[in-house]
Amino acid sequence: MKQSKKRFLNNLITYGMVVIAFIICQVMVQNGSMSRSFKGQLVPICVYIVMAVSLNLTVGISGELSLGHAGFMSIGAFSGIVASTWLLNSFNMENTVVRLILSMVFGGVMAGVAGVLIGIPVLRLRGDYLAIVTLAFGEIIRNVLNCLYFSVDGRKIYVSFNDPDLPGKIFVNGPAGATGIAKIATFTMGFVLVLFALFVVLNLINSRTGRAIMATRDNRIAAESVGIAVTKYKMIAFVVAAVLAGMAGALYGLNASTTVASKFKFDTSILVLVFVVLGGIGNIRGSVIAATLLTVLPEMLRAFADYRMLVYAVVLILVMLATNNPFLKNLANSIFHREKQQKKEGEAA
């Protein structure tokens, strides 16, 4: 009973933190107190929060190191763009909210299918082998997307590999990427997607399936000995993370008029992994905070001009040292324990 109350309180704090941040941002936008550059960061912040939360499900909860998360994001981005363009040109769907939702769902489904196809052979591997294969998957997807061409002609979508000679209007043009795309992504929809990702991941973690996933992470042999299908539960975590990454990718792809496959390089997977590590592996709330701060930080450091990325790297190192420092951890725990003890004494009095 005490554990369930603690879990509920932690989840409530996480949701409340996201809701309060959304309200503050909306007020700042309406008052005109937020700069144009920060307005442009609102949707990417939501995207990276979902990416970090979903990757934490794979790395922190399932215990599998994946270095190809940007591959699922890219599948979702281009699938979402194809779905949005088809709905607009073939069915004249002018309602941007409905079109964005359908595009995100389609992007998530396509990324989920890719997750199943990749997960079947990959999740039988362990450790460094899994990391190498997922890294290769991300790079393969990026190179495949560089060779794809899509066009729309009436209600028909045409696709070709390395052949730009297609009927109709080409909107995905190989290495040039998707061009002339209607920007329909909004901060409100990004906020909804963040809440959806948190709802899915937190409920999965606290469910029977989530406990089985964590059991396979903690001791694979012990989990197998009590009848837990290790590959099945790792697949569940992997595919759920892929679906959420695909939905985030669709939102990202529809937030710009041009999207190229080179935006989803190995660097992007590492960036999301940095969010997870700095926020705390297995700590969902930490992933939300880390993704927000580290996405905004380069923009805040623009005043340093040429030195801003150097300062950014120094900040990353300092945060990493602070979060892994035993003295600071013990100090924070002792302060928290002291406050909790004083609260109990006050209630008893």
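Residues numbered from 1 in each chain as written. Predicted model: local features only at pLDDT ≥ 70, side-chain atom pairs only at ≥ 80, totals over all residues. Heavy atoms only, no water.

Right, let's talk about the overall build of the protein for a bit. Scanning the protein from terminus to terminus reveals 14 helices and three strands. Sequence separation of at least 24 residues holds for 72% of the intrachain contacts in the protein that already meet a minimum separation of 6. In the structure as shown, the protein presents an accessible area of about 17900 Å², 64% of it carried by carbon and sulfur atoms. (Helix = DSSP H or I, 4+ residues; strand = E, 2+ residues; numbered from the N terminus. Contact = heavy atoms within 4.5 Å. Areas by Shrake-Rupley, 256 points an atom, 1.4 Å probe, with all protein chains shown as cover.)

A contiguous nonpolar patch, built from V97, I101, V105, V109, V113 and L117 and spanning about 500 Å² of accessible area, is present on the exposed surface. Inspection of the secondary structure puts I101 in helix α5 (residues 96-122). Judged by relative accessible area, I101 falls into the partly exposed class, the value being 39%. (Patch = residues over 30% accessible without salt bridge, like charges linked within 9 Å, V, L, I, M, F, W, Y side chains within 5 Å. Salt bridge = Lys/Arg side-chain N within 4 Å of Asp/Glu carboxyl O. Buried < 20%, exposed > 50% of the residue type's maximum accessible area, 1.4 Å probe, protein only.)

As a further point, take the environment of Y48. Along the chain, the position of Y48 falls in helix α3 (residues 42-61). Residue classification places Y48 among the buried positions, given a relative accessible area of 13%. A sequence separation of 200 residues divides Y48 from A248, and the C-alpha atoms of the two residues are 7.7 Å apart. The residues touching Y48, leaving out its near neighbours within four places in the chain, are L271, V272, F275, A291 and T295.

A separate point is the pattern of salt bridges. In the structure shown here, the tally under the stated rule is four salt bridges. Between E139 and R142 there is a salt bridge; the shortest N-O distance is 2.6 Å. One end of the pair is E139 and the other is R142, both in helix α6 (residues 127-145) and three residues apart, which spans about a single turn. Given a relative accessible area of 23%, E139 falls into the partly exposed group. Accessibility expressed as a relative area gives 16% for R142, which makes it buried. Among the ionic pairs, R220 bridges to E224, the shortest N-O distance being 3.7 Å. Of this pair, R220 and E224 both sit in helix α9 (residues 220-225), separated by four residues, roughly a single helical turn. R220 sits in the buried class, given a relative accessible area of 15%.

This next bit is on the packing of aromatic side chains. Applying the stated rule across the entire model yields nine aromatic pairs. Taking 4.0 Å as the distance between ring centres and 10 degrees as the angle between the ring planes, the aromatic pair formed by F22 and F191 counts as stacked. Of the two residues, F22 is situated in helix α1 (residues 2-31) and F191 in helix α7 (residues 187-205); the sequence distance between them amounts to 169 residues. No difference in accessibility class separates F22 from F191, as the two residues are buried. (Phe/Tyr/Trp six-rings, centres within 6.5 Å; stacked < 30°, edge-to-face > 60°.)

Scanning all chains against the criterion turns up zero disulfides. Here C25 stays free of any disulfide, with the sulfur of C46 as its closest cysteine sulfur at 8.3 Å. Its relative accessible area of 18% is what places C25 among the buried residues. Note on C46: relative accessible area 4%, which makes it buried. (Disulfide = S-S within 2.5 Å.)

Confidence in the prediction for the protein averages 85 pLDDT; 86% of positions are at 70 or higher. No element of the protein has a lower mean pLDDT than helix α14 (residues 326-348), at 60, and none a higher one than α7, at 94. (pLDDT = per-residue confidence, 0-100.)

Let us look at the sheet that holds strand β2 (residues 156-161). Pairing between sheet strands relies on hydrogen bonds along the backbone, with the strands arranged either parallel or antiparallel. Taken in spatial order, the three strands of this open sheet run β2-β1-β3, and their pairing is antiparallel. Every other strand in the sheet has two partners, leaving β2 and β3 (169-173) as the edge strands with one partner each. Here the strands of the sheet are splayed against their neighbours by 20 degrees on average, with no regard to which way each runs. Sheet analysis places strand β1 (residues 148-153) next to β2, joined by six bridges and oriented antiparallel. Among the inter-strand pairings, S151 is bridged to a residue of β2, identified as Y158. (Pairing = 2+ DSSP bridges. Axes fitted to C-alpha atoms, helices over the stretch in contact; angles between N-to-C directions.)

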